[in-house]
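# Examination of the molecular architecture
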Amino acid sequence: MKKEIICTVCPMGCEIEVEGSDKEVTSIKGFGCKRGEVYGNNEFLHPVRILTSTVKVAGQNELLAVRSEEPIPKELIMDCMKVIAEKTVCDTPIQRYDVVIPNICDSGINIVATSTVK
Amino acid sequence: MYEVKCDVAIIGGGPAGLSAAVAAKKEGAKDVLVIERDNSIGGILQQCIHPGFGLSYFKKELTGPEYAGRFAEEALNLGVDVLLNTMVLDFAPERKEIICASSENGMTKVTAKSIVLAMGCRERTRPNIQIPGTRPAGVYTAGSAQRLVNRQNTMVGKNVVILGSGDIGMIMARRMSLEGAKVLAVVEIMDYLAGLTRNKVQCLDDFGIPLKLGHTITRIVGNERVEGVYVAQVDENKKPIKETEEFIECDTLLLSVGLLPENELTRKAEISISRITNGPEVDQYMQTSSPGVFASGNVVHVNDLVDNVTVESMQAGKYAALYAMDKMPGEVREVTSLTGNNVRYLCPQRLRIGNEEKAKLFFRVLQPDANVRLVAKCGDEVIASVKEKRVNPGEICCIQIPMDKVGDDVLVEVVKEA
């Protein structure tokens, strides 16, 4: 299997060419830096994304911005969005990086606040 | 009238204003005041909840609220004062007086020793690009849709077409998809992407959203609500080809068709404005044609990355502080920066030759190209040159020049590497 991957680590957008099976990478070229090489490998074997969204705050009109603390497996993204859409935060104030949803969809990854609520 | 006195007054509390405020304080300015029309500081970054900010400045991938939050906290910790819900109506550049309307204090007069303009930019709208058709509900600029969805908990539509492949448009394509809407197409009149490549990968390709390059919207259809749009391919003169026209049924059209620096105040103050950037012309201290009035960020030229806004705003804040303390560097003479092959504009437009060692020139290219060399010349002498793998109109380029080598006007060009 061969995949052409555009690196998204930085705005350069290097075109990485990866070959291998679904278990291992046999050849990787075109990356511009170490982080790009890691990205190319991961993107080929198991793509992940940082998920950002918003959650409701009880008694407030404005939403609280949230993110996954670590990148989440791509195939879990829409399931995570369902959980996030259901969530209303009640415990205020909220500081940046407070955990809003722990271990979302059993991914081992927390959803944390990126903005604050007084 | 409520009156406030300060050393450095900054108009706008977005990333540019906050970075300038932090730098002004660090340079030693005593009273630094940020004037913000919204009910909180942070500017547009507050609604940019997606990641991708700070990679070059913080060496870390942050979301908009995190990036803005860091600067907001740093500014407040350094003792920067903020006037919220306060709209600047007018300012006198020589007297350094700013007249504002505040919901709390009523009419307010701010008197400063130097001023930083950091008003940012706003989106081009449907009237700006004159799309034919009816005028139904459901046509939004991408940024106003972003504010509604991300801050005000209001979903703007279910079946969406996006005009323009700018970053905000692509990011909204992903956001709308995550929130359950169907994005039917992103339509771009140019034959290349307007925004960053990584946004196409993460926002369009991930969700299987078709990108129609070399296409435009020829008509909006709908009575009360948008019912659909006609999309057609364009020829080499960007004129739609009638035979290629197709109808896409949708209820919402988002426009991501460019940004305009917000310079009503600057124009009223008769500060000289570049016809290309639509922002004030500045020198390398980010000083406008009016001494002691500085400007930075998207009000000067629309940037690709907030990290670049921060860097140039810190320059503006630093020199605004020095001006307020009467410590501006001595000036010998001034030269102009000139655009050469494949350079749309340069910022700064003027260079003051004093005792500084180097200056950075930022610019955008006209056409995408690969394997090129960015060259700065004085007459026939090359004073700086950098190799670049790729250049793209969507991304800002930068070249650093040694000031001691600057003779006459500096010409910057992008030439094909032999």
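Residues numbered from 1 in each chain as written. Chains lettered and ligands numbered in written order. Predicted model: local features only at pLDDT ≥ 70, side-chain atom pairs only at ≥ 80, totals over all residues.

## Section: the overall build of chain B
The helix and strand inventory of chain B stands at eight helices and 29 strands. Computed over C-alpha atoms, the radius of gyration of chain B comes to 22 Å, within 12% of the 22 Å expected from 2.2 N^0.38 for 418 residues, which places it in the range of a compact globule. For chain B, the C-alpha atoms occupy an extent of roughly 65 × 60 × 40 Å along the three principal directions. Going through the 418 residues of chain B one by one, you find that 50% of them count as buried. In chain B, of all internal contacts separated by at least 6 residues, the share reaching a separation of at least 24 is 64%. (Helix = DSSP H or I, 4+ residues; strand = E, 2+ residues; numbered from the N terminus. Rg over C-alpha atoms; globule rule 2.2 N^0.38 Å. Buried ≥ 20, exposed ≤ 12 C-beta atoms within 10 Å, placed from the backbone. Contact = placed C-beta atoms within 7 Å.)

## Quick look at the overall build of chain A
Looking only at helices and strands, one finds two helices and ten strands in chain A. Of the regular secondary structure in chain A, the N- to C-terminal order runs β-β-β-α-β-β-β-β-α-β-β-β. Taken along the three principal axes of its C-alpha coordinates, chain A extends 55 × 25 × 20 Å. Across the 118 residues that make up chain A, the buried fraction comes to 32%. A separation of at least 24 residues holds for 43% of the contacts in chain A among residues at least 6 apart in sequence.

## Regarding helix H5 (residues 167–178) of chain B
Residues and elements named next belong to chain B. Along its twelve residues, H5 runs 17 Å from first to last C-alpha, staying within 8% of the 16 Å computed at 1.5 Å per residue. Restricting attention to buried positions, one finds in H5 the residues Asp167, Ile168, Gly169, Met170, Ile171, Met172, Ala173, Arg174, Arg175, Met176 and Ser177. Buried residues in H5 make contact with helix H4 (142–150), strand S13 (159–163), strand S14 (182–188), helix H6 (197–204) and strand S19 (252–255). (Expected span 1.5 Å × (residues − 1).)

## Considerations on the domain arrangement of chain B
Often, the extent of an interface is quoted as the loss of accessible area upon association of its parts. Residues and elements named next belong to chain B. Parsing chain B into structural domains produces domain 1 (1–121 + 260–328), domain 2 (125–257) and domain 3 (331–418). Between the C-alpha centres of domain 1 and domain 3 the distance comes to 26 Å. Listed by partner, the interface residues are twelve residues for domain 1 and twelve residues for domain 3. (Domains from an automatic or database assignment.)

## Overview of the sheet that holds strand S6 (residues 81–83) of chain B
Residue and element names in this part refer to chain B. The five strands lie next to each other as S6-S3-S2-S10-S21, forming an open sheet whose pairing is parallel. Of all strands in the sheet, those with a lone pairing partner are S6 and strand S21 (293–295), marking the two edges. The sheet shows a mean angle of 20° between the axes of neighbouring strands, direction not considered. (Pairing = 2+ DSSP bridges. Axes fitted to C-alpha atoms, helices over the stretch in contact; angles between N-to-C directions.)

## Quick word on the interface of chain B and chain A
Contacts between the two partners involve 20 residues from chain B, matched on the other side by 20 residues from chain A. Secondary-structure elements contributing two or more residues to the side of chain B that touches chain A are helix H2 (64–77) and H6 of chain B. Examining the composition of the side of chain B that touches chain A, we find that four residues originate from one element, H6(B), more than from any other. Residues of the side of chain B that touches chain A, tallied by class, amount to eight nonpolar, eight polar and four charged. (Nonpolar A, V, L, I, M, F, W, Y, C, P; charged D, E, K, R; others polar.)

## Concerning H6(B)
Most of H6(B) sits inside the fold, with six of its eight residues counted as buried. Where H6(B) is buried, its residues contact strand S1 (2–6) and strand S4 (48–49) of chain A together with H5, S14 and strand S15 (211–213) of chain B.

## Looking at the domain arrangement of chain A
Domain assignment breaks chain A into domain 1 (2–46) and domain 2 (52–113). Just the C-alpha atoms count here: the centres of domain 1 of chain A and domain 2 of chain A sit 29 Å apart.

## Topic: the packing of helix H1 (residues 15–27) of chain B against H2(B)
Residues and elements named next belong to chain B. Running from amino to carboxyl end, H1 crosses H2 at an angle of 35°, the nearest separation of the two axes being 9 Å. The hand of the H1/H2 crossing is left-handed. Contacts between H1 and H2 pair Pro15, Leu18, Ser19, Ala21 and Val22 from the former with Tyr67, Ala68, Phe71, Ala72, Glu74 and Ala75 from the latter. Along the lines of polarity and charge, the residues of the contact of H1 with H2 split into nine nonpolar, one polar and one charged. (Left-handed = near helix turned anticlockwise from the far one by under 90°.)

## Description of the packing of H1(B) against helix H8 (residues 306–324) of chain B
Residue and element names in this part refer to chain B. Direction vectors running N to C along H1 and H8 enclose 40°, while the axes themselves pass 7 Å from each other. Considering the angle they form, H1 stands oblique to H8. Taken as a pair, H1 and H8 cross one another with a handedness that is right-handed. Contact residues: Pro15, Ala16, Ser19, Ala20, Ala21, Val22, Ala23, Ala24 and Glu27 in H1; Val306, Val309, Thr310, Ser313, Met314, Ala316, Gly317, Lys318, Ala320, Ala321 and Leu322 in H8. Tallied by class, residues from the contact of H1 with H8 come to 14 nonpolar, four polar and two charged. (Parallel < 35°, antiparallel > 145°, perpendicular 65-115°, else oblique.)

## Overview of the nonpolar core
Residue and element names in this part refer to chain B. Val8, Ile10, Ala20, Ile35, Val116 and Ala320 are the most contacted members of the largest nonpolar core, which totals 100 residues. Setting aside chain neighbours within four positions, we find Ala20 in contact with Ile10, Val116, Ala118, Ser296, Ser313, Met314, Ala316, Gly317 and Ala320. Among the nonpolar cores identified, the runner-up in size contains 36 residues, and Met170, Ala173, Cys203 and Cys250 belong to it. (Core = buried A, V, L, I, M, F, W, Y, C linked by C-beta atoms within 7 Å.)

## Structural notes on the environment of A:Asp79
Tracing the backbone through its elements, the reader meets A:Asp79 in helix H2 (residues 77–86). When the C-alpha atoms of A:Asp79 and A:Cys105 are compared, they prove to be 7.2 Å apart, with 26 residues separating the residues in sequence.

## Considering the UniProt feature "domain: FAD/NAD(P)-binding" (unreviewed entry) in chain B
Within this numbering scheme, the UniProt entry marks residues 7–303 of chain B as carrying the feature "domain: FAD/NAD(P)-binding" (unreviewed entry). Helix makes up 22% of residues 7–303 of chain B and strand 30%, and the two end C-alpha atoms of the span are 28 Å apart. (UniProt positions renumbered as here; feature names shortened; annotations may be inferred.)

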